[in-house]
Structure formats: C-alpha cells, structure tokens
Amino acid sequence: MLLKDRNVFVTGGSKGIGRAIALKCAEHGANVAISAEDTAESREALAATADEIAALGVRSTWVAASAEDPETGERLVEAAVSAFGRLDTFINNAGICPFHSFLDMPRETYLKTVDVNLNGAYFAVQAAANQMVKQGDGGAIIAVSSISALVGGGMQTHYTPTKAGVLSLMQSTAIALGPHGIRCNALLPGTIETDINRDDLADPDKRAYMEGRTPLGRLGTPDDLAGPAVFLASDLAQYVTGAALLVDGGLFANLQ
Ligand SMILES: NC(=O)C1=CN([C@@H]2O[C@H](COP(=O)(O)OP(=O)(O)OC[C@H]3O[C@@H](n4cnc5c(N)ncnc54)[C@H](O)[C@@H]3O)[C@@H](O)[C@H]2O)C=CC1
Ligand SMILES: C[C@H](O)[C@@H]1OC(=O)[C@H](O)[C@@H]1O
C-alpha cells in the first residue's frame with residue numbers, strides 16, 4: 001500500500017480517468033474525496049463512485065461543484081478537511097474538450113473550456129496549497145494535463161492552450177511551493193478512451209489512425225493513468241517535482 005491513511009482529493013472523479021485514479025488511490029489505502037459538476041447526472045455518478053471507494057475499506061466523500069465557479073476550490077478543500085481532518089494530495093483532473101473547428105469557434109465554447117480546464121485548476125490548486133501550507137508538513141499536487149500540452153490539434157484550439165497552461169502551472173507551483181515541501185507534477189495522458197472523446201473516436205478512420213500512431217498498438221484506458229498518479233502521490237516520488245509524465249503508449253515519440 002503506497003498511500004495508507006493519506007487523504008486525497010480527485011476533481012472530475014465521477015468517471016473516466018478521475019474515477020480510475022480515485023479507485024486506485026483507495027486500493028492503496030487512501031481516504032478519497034471526489035468532485036464533479038453540479039448536475040443531477042453527475043451527482044448520481046459521484047455517489048456511485050464514492051460507494052465503490054468506500055467498499056474498498058477507506059473513507060470517501062463527494063462534492064458537486066463546477067470547476068468554473070470561483071468558489072469551488074475552497075469548497076473542495078473544506079469538504080475534504082471536514083470529512084478526513086486534513087488534505088495530503090490534491091489531483092486536479094476535471095476537464096472538458098468540446099471538439100470544434102477554429103475559424104468558427106463560438107466565444108462561449110472557448111471561454112467555458114478555459115474556465116473549467118485552466119481557471120478552475122488554478123484556483124483549486126491555490127486552495128489546496130493553502131491548506132497544505134497551513135498543515136505545515138508538505139503534500140503532493142498533481143494536475144492532469146495532456147500530450148496536447150506539447151502538440152496541437154486542429155479541432156482543439158481552445159483546449160490545447162489550457163493543457164499547456166496546466167503543465168506550466170505545475171512547473172511554477174513546484175517552485176512556489178517547494179520550500180513548503182509540496183511537490184507539484186503533471187500527468188500527460190495520450191488518447192484514452194472515455195466519454196470526452198466518445199464521439200470523436202466513433203469515427204472508425206480516426207480511431208484506426210490514433211491506434212496506428214501508438215507504438216503500444218492500442219488506445220489508453222483510464223486505468224493506465226491510475227498507477228502513474230499513485231506513484232506521483234506517493235513517497236516513491238519524494239524527489240519528483242515540476243515533472244511532466246507522459247502516459248501515452250509512446251504516441252508523442254512516434255514521428256515516423
Ligand atoms: N481522455 C483522453 O484522451 C485525455 C484526457 N485528458 C484529460 O483528462 C481529464 C479527465 O478526462 P476524461 O476522464 O477523459 O473525461 P471524462 O469526460 O470521462 O471525465 C471528465 C470529468 O470531469 C468532470 N467535469 C466535466 N466538466 C466539469 C465541470 N464544469 N466542473 C467540474 N467537473 C467537471 C466530469 O464530470 C468527469 O468527472 C481531463 O482534464 C482531460 O482533459 C488528457 C489527455 C487525454
Ligand atoms: C479528448 C481527446 O481525445 C484527448 O484529449 C487530449 O488531451 C488528447 O489530445 C486526446 O486527443
């Protein structure tokens with residue numbers, strides 16, 4: 001068990017990558033809090049995932065709070081502290097990627113994407129960091145960025161800058177928070193099959209193209225991110241901060 005009795009928060013923990021990370025942290029002995037947007041469907045998914053976490057013999061709690069709301073960061077931290085007493089690891093994972101062409105990108109789609117993925121991450125990480133500083137004995141912060149922090153996407157012109165921003169945020173917070181013993185790292189998934197790309201990957205040509213570009217020969221699953229997240233949260237990564245860990249089956253390295 002790498003995270004026994006640690007207290008972990010995972011945003012966007014109701015499904016997909018966040019859910020897989022939350023469950024793996026629980027398997028490793030952590031109490032886990034999760035959040036997602038405040039809708040009826042999301043509340044149902046949060047409650048179901050929290051039950052799965054608790055079934056692993058640890059404590060769990062959930063909060064329905066939309067990432068783009070400036071008050072959300074504080075609410076998440078309060079929920080974790082009220083349920084567990086403290087916060088050891090904060091994993092900012094919530095995100096959206098509404099695929100859309102550049103020349104006619106609606107302003108509201110662009111602004112919502114930036115608000116959820118980058119502004120939401122900034123203020124949630126700030127709230128988590130303040131709690132860790134108050135506790136006085138360090139901590140770990142992980143942001144789920146993307147391979148898209150490093151490369152572009154013609155239908156992702158609103159999205160890729162947010163993922164580059166989140167990677168940059170982890171680099172800068174690693175410097176700002178290093179003196180407090182708080183490590184900050186970014187996970188960069190490749191193409192992982194989840195609801196975020198269900199429609200995009202429904203096109204058999206697109207799917208075959210992405211599989212063909214991936215040296216390991218398959219798309220990723222949410223569980224592929226879970227082990228790397230536990231590693232970065234754990235003491236095995238005690239001297240790792242400001243790092244970017246690609247988890248992409250080799251996709252980024254494959255030029256030809
Ligand atoms: N699936 C992929 O291929 C890749 C995903 N990522 C990133 O991984 C993260 C998780 O995405 P997936 O699990 O793939 O997608 P997903 O759609 O399965 O999960 C997204 C999570 O974020 C939550 N969320 C969405 N909007 C929210 C909002 N306004 N406020 C709070 N929570 C909200 C959802 O409820 C859900 O829990 C995202 O940040 C995404 O950008 C990065 C690289 C590749
Ligand atoms: C949603 C996309 O399929 C996914 O998101 C990313 O960050 C990568 O660019 C993948 O293509």
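Cut-offs and rules
- Residues numbered from 1 in each chain as written.
- Chains lettered and ligands numbered in written order.
- Predicted model: local features only at pLDDT ≥ 70, side-chain atom pairs only at ≥ 80, totals over all residues.
- Heavy atoms only, no water.
- Helix = DSSP H or I, 4+ residues; strand = E, 2+ residues; numbered from the N terminus.
- Rg over C-alpha atoms; globule rule 2.2 N^0.38 Å.
- Buried < 20%, exposed > 50% of the residue type's maximum accessible area, 1.4 Å probe, protein only.
- Contact = heavy atoms within 4.5 Å.
- Areas by Shrake-Rupley, 256 points an atom, 1.4 Å probe, with all protein chains shown as cover.
- Lys, Arg positive; Asp, Glu negative; His and termini not counted.
- Charge placed at Lys NZ, Arg CZ, Asp CG, Glu CD.
- Near = heavy atom within 4 Å.
- Polar contact = N/O pair within 3.5 Å; in protein donor to acceptor, adjacent residues only side chain to side chain.
- Nonpolar A, V, L, I, M, F, W, Y, C, P; charged D, E, K, R; others polar.
- Axes fitted to C-alpha atoms, helices over the stretch in contact; angles between N-to-C directions.
- Parallel < 35°, antiparallel > 145°, perpendicular 65-115°, else oblique.
- Left-handed = near helix turned anticlockwise from the far one by under 90°.
- Pairing = 2+ DSSP bridges.
- Right-handed = clockwise from strand over helix to strand, strands pointing away.
- Expected span 1.5 Å × (residues − 1).

Trainee: Would you mind going over the overall build of the protein chain with me for this structure?
Mentor: Looking only at helices and strands, one finds 8 helices and 7 strands in the protein chain. Here the C-alpha atoms of the protein chain give a radius of gyration of 17 Å, agreeing with the 18 Å that 2.2 N^0.38 yields for 256 residues. Once the C-alpha set of the protein chain is aligned to its principal axes, its extents read approximately 50 × 35 × 35 Å. Taking all 256 residues of the protein chain together, the buried fraction comes to 49%. Within the protein chain, contacts between residues separated by at least 24 positions form 73% of all contacts whose residues are at least 6 apart in sequence. Looking at the protein chain as shown, the accessible area adds up to about 11,900 Å², and 53% of this sits on carbon and sulfur atoms. Distance from the positive charge centre (19 side chains) to the negative charge centre (29 side chains) of the protein chain: 4 Å.

Trainee: How should the site of ligand 2 be read in this particular structure?
Mentor: By nearness alone, every residue bordering ligand 2 is listed as C97, F99, S146, S148, Q156, Y159, G190, T191, I196 and N197. Contacts to ligand 2 include S148, whose side-chain N or O atom sits 2.4 Å from an oxygen atom. Between ligand 2 and Q156 there is a distance of 3.3 Å, counted from an oxygen atom to a side-chain nitrogen or oxygen. Here ligand 2 has 290 Å² of accessible area as a free molecule, and 89% of this is covered by the chains. Partitioning the shell around ligand 2 into residue classes produces 4 nonpolar, 6 polar and no charged.

Trainee: Help me understand the packing of helix 3 (residues 72–84) against helix 4 (residues 107–135) in this model?
Mentor: Geometry of a packed helix pair, given as the angle between the helix axes and the separation of the axes. At a minimum axis distance of 7 Å, the contact between helix 3 and helix 4 shows a crossing angle of 40°. Relative to helix 4, helix 3 is oriented oblique. Crossing hand, helix 3 versus helix 4: right-handed. Residues G73, E74, V77 and V81 of helix 3 form the contact with helix 4, whose participating residues are F123, A124, A127, A128 and Q131. Looking at the contact of helix 3 with helix 4 residue by residue, the classes come out as 6 nonpolar, 2 polar and 1 charged.

Trainee: In this structure, what is going on with the pairing of strand 4 (residues 89–92)? I would like to understand it.
Mentor: In the case of a regular strand, side chains alternate between the two sheet surfaces. Every second residue of strand 4 is oriented toward a common face, with T89 and I91 on one face and F90 and N92 on the other, all of them buried. Pairing of strand 4 with strand 5 (residues 139–144) involves 4 bridges; the strand directions are parallel. By the bridge assignment for strand 5, F90 is matched with I141. In this fold, strand 4 hands off to helix 4, which returns the chain to strand 5; that crossover is right-handed.

Trainee: Where do I start with helix 1 (residues 16–27) in this structure?
Mentor: The end-to-end C-alpha distance of helix 1, which contains 12 residues, comes to 17 Å, matching closely the 16 Å that a straight helix rising 1.5 Å per residue would cover. Within helix 1, 9 of the 12 residues are buried, which leaves it mostly tucked inside the rest of the structure. Those residues of helix 1 that sit buried are I17, G18, A20, I21, A22, L23, K24, C25 and A26. The first or second residue beyond helix 1 is G29, which carries a positive phi of 95°.

Trainee: I would appreciate a short explanation of the site of ligand 1 in the present structure.
Mentor: Lining the immediate environment of ligand 1, one finds 30 residues, of which E37, N93, Y159, I192 and T194 sit closest. Within the contact set of ligand 1, an oxygen atom lies 2.8 Å away from a backbone nitrogen or oxygen of I17. Measuring from an oxygen atom of ligand 1, one finds a side-chain N or O atom of K163 at 2.8 Å. About the coverage of ligand 1: the protein hides 94% of its 820 Å² of free accessible area. Taken together, the residues of the shell around ligand 1 sort by class into 12 nonpolar, 13 polar and 5 charged.

Trainee: Just to check I follow, could you spell out the environment of D88 for this structure?
Mentor: Within the element layout of this structure, D88 appears in the loop between helix 3 and strand 4. We classify D88 as buried; its relative accessible area is 11%. Taking C-alpha positions, D88 is 6.5 Å from A140, a pair spaced 52 residues apart along the chain. When sequence neighbours within four positions are dropped, the list of residues in contact with D88 reads D5, R6, N7, M132, G139 and A140.

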